[in-house]
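Report on the structure
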Amino acid sequence: MWPPSRRPAPTDPLLSSVLVANRGEIARRIIRACRALGIRSVAIYSEADRDWPFVTDADEAVAIGPPPARESYLNIDRILDAARQARVEAIHPGYGFLSENWRFAKACQDAGFRFVGPPWRVIQQMGDKVHARQLMAAAGVPVVPGSDGAVDTIDQARDVASRIGYPIMLKAAAGGGGIGMVQVAAESALDAAFAAAQRRARAAFGSDALFVERFLEAPRHVEVQVLGDGHGRLVHLHERECSIQRRHQKLIEESPAPNLPADLKSRLTTSAVAGAKAVGYENAGTVEFIVIGSDFYFLEMNTRLQVEHPVTEEVTGRDIVQAQIAIASGDALHWQQDDIRQGGWSIECRVYAEDPAKRFLPSPGRLARLVLPTGLGIRLECGVAEGVEVSVHYDPLLAKLVASGSTRDEAIARMAGALDASVFDGVKTVIPFERRVIESAAFRAGRVHTQMVEEGAFNG
Amino acid sequence: MAEEVKAHITGVVFQITAKAGDSVAAGDPVIVLESMKMEIPVEASRAGVVREIVVAEGQTVQEGDTVAVLD
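Keep in mind that what you see is a predicted model, and the values were worked out from it rather than measured.

**A few points about the packing of helix α12 (residues 408-421) of chain A against helix α13 (residues 431-439) of chain A**
Residue and element names in this part refer to chain A. Axis separation between α12 and α13 bottoms out at 10 Å; the angle between their running directions is 155°. Accordingly, the angle class assigned to the pair α12 and α13 is roughly antiparallel. Handedness of the α12/α13 crossing: left-handed. Here Ile412, Met415, Ala416 and Leu419 of α12 come into contact with α13, specifically with Ile431, Glu434, Arg435 and Ile438. When grouped by side-chain class, the residues that make up the contact of α12 with α13 number 6 nonpolar, no polar and 2 charged.

Right, here's the structure in full:
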């Protein structure tokens, strides 16, 4: 139970019904927000998810196809058919799957449904990483030294690299989530790396356009939650620290960010709001930055609800998912920036079905026994139930443990207890690894950076 | 001496990267599995010649299943 949110008084009636185009814990989270607002919720599910809790949580559920995501949760036609069949007004995409696919957002709009997210043109702009970087730079947001646009040839890449200096990163222009990135230590390795990065980009995103950035050693990942109402108001909900990552994907997040000087924090939030305003942002979004010392650079903008949104809800007392739905209904956001305070401390540990002893290899299987922690300051966003099959077809996120307290130490102590009390028998999870992280001197001191997990800093 | 290459995780066969008659070195990928949005190569445990790939793209394999036989 987090503090009650002050939902903006609706100026128009809220939406009457929402289809949740997602699965697992985030589907349950959105369904819960719908219920709190008196909105009818409709789940969609693949054959693999028939017995998962989100299907029964929803007021109605529509089967949409076989287990592979491209035949179910990534199939735009089938999702729109389900939306028509269930006669909903709006579609919430959650995160992952089609949430940052501008074609899906446009298809929803063209079919007469409201899309709970930003306008499709904004998703398109921010999804093109080169274009996003140019727009942010034009808005005065610092960007990582690198190529101004996509580089087409190895010679162009070599020119940029010699200007900004090695090591560099080659990134897919159409990419995100760390997919398709190749690090290049020195010029001698550039030829092979360029070819590999092009191949990966083409395979993952259908485009081999690359851009070049300086590789930054030991950076922190700090991001700012923003919320815009489409009526001219755009506020931030402070920052999150998300440096504990593996494979460029987050494991542990918290708000506030530890050891973040007030002036740096202020520059981050000011930049995030300026950047989001410059692209006409609406609904919930996150501006991601990398921070090195007192410098920071724009990384990317996530045009959707973020996995780690609960830590922000905990410290601000604001329900971001309910606000998303209110904004999609056409409501003006009555939140004043100065009223949005950050109180206490909140930490999230993602529970992935992966084996930390085997370099985080996936660990599918039947969940034979499930014990969930409880207690003061503990919040659970759990997608699974005892007996469900954790299949090979989807992301391995099972649940999120969120621990909050008045201080960081208190939140960490509560998280330690929550991790110890959790049982996810039948699959391996990252919990033992996360337990070591939060025990470590580096984490306790808030001295974290994004490369620590891969450097083996927490291998006890 | 034939040797079976076994899957070390459960997944769906995403790609077959070697074919019967190919020479492989220890550590070369024989097939690539997709599991939970990750692509994971299944590697030859020793050098040899591929006698047979016993799985097809799109097939689900369990941890410990044989995916290929090496001579």
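**Notes on the sheet that holds strand β8 (residues 210-214) of chain A**
Residue and element names in this part refer to chain A. The sheet built from 3 strands is open, its strands ordered β7-β6-β8 with antiparallel pairing. Edge positions in the open sheet fall to β7 (182-184) and β8, since each of these has one partner strand only. Put simply, the sheet's adjacent strands are angled 25° from each other on average, direction ignored. Sitting on the sheet, helix α7 (residues 154-164) is in contact with β6 (168-172) and β8, with an inclination near 15° to β8.

**Some details on the confidence of the model for chain B**
Taken as a whole, chain B shows an average pLDDT of 93; of its residues, 100% reach a score of 70 or greater. Note on the complex model: pTM 0.90, ipTM 0.85.

**Describing unusual backbone geometry**
With an omega of -5°, the peptide bond running from Tyr166 of chain A to Pro167 of chain A counts as cis. Relative to the helices and strands, Pro167 of chain A resides in the loop between α7 and β6. Of note, the amide linkage connecting Ser255 of chain A to Pro256 of chain A takes the cis form, showing an omega dihedral of 0°. Mapped onto the secondary structure, Pro256 of chain A falls in the loop between β11 (249-255) and α9 (262-278). A positive phi is found at His248 of chain A, a non-glycine position, where the angle reads about 60°. Its place among the elements puts His248 of chain A in the loop between β10 (234-246) and β11. A positive phi angle, near 50°, is found at Met36 of chain B, a position not held by glycine. Turning to its location among the elements, Met36 of chain B is positioned in the loop between β4 (29-35) and β5 (38-43).

Reading guide: rules and limits
Residues numbered from 1 in each chain as written. Chains lettered and ligands numbered in written order. Predicted model: local features only at pLDDT ≥ 70, side-chain atom pairs only at ≥ 80, totals over all residues. Axes fitted to C-alpha atoms, helices over the stretch in contact; angles between N-to-C directions. Helix = DSSP H or I, 4+ residues; strand = E, 2+ residues; numbered from the N terminus. Parallel < 35°, antiparallel > 145°, perpendicular 65-115°, else oblique. Left-handed = near helix turned anticlockwise from the far one by under 90°. Contact = placed C-beta atoms within 7 Å. Nonpolar A, V, L, I, M, F, W, Y, C, P; charged D, E, K, R; others polar. Pairing = 2+ DSSP bridges. pLDDT = per-residue confidence, 0-100.

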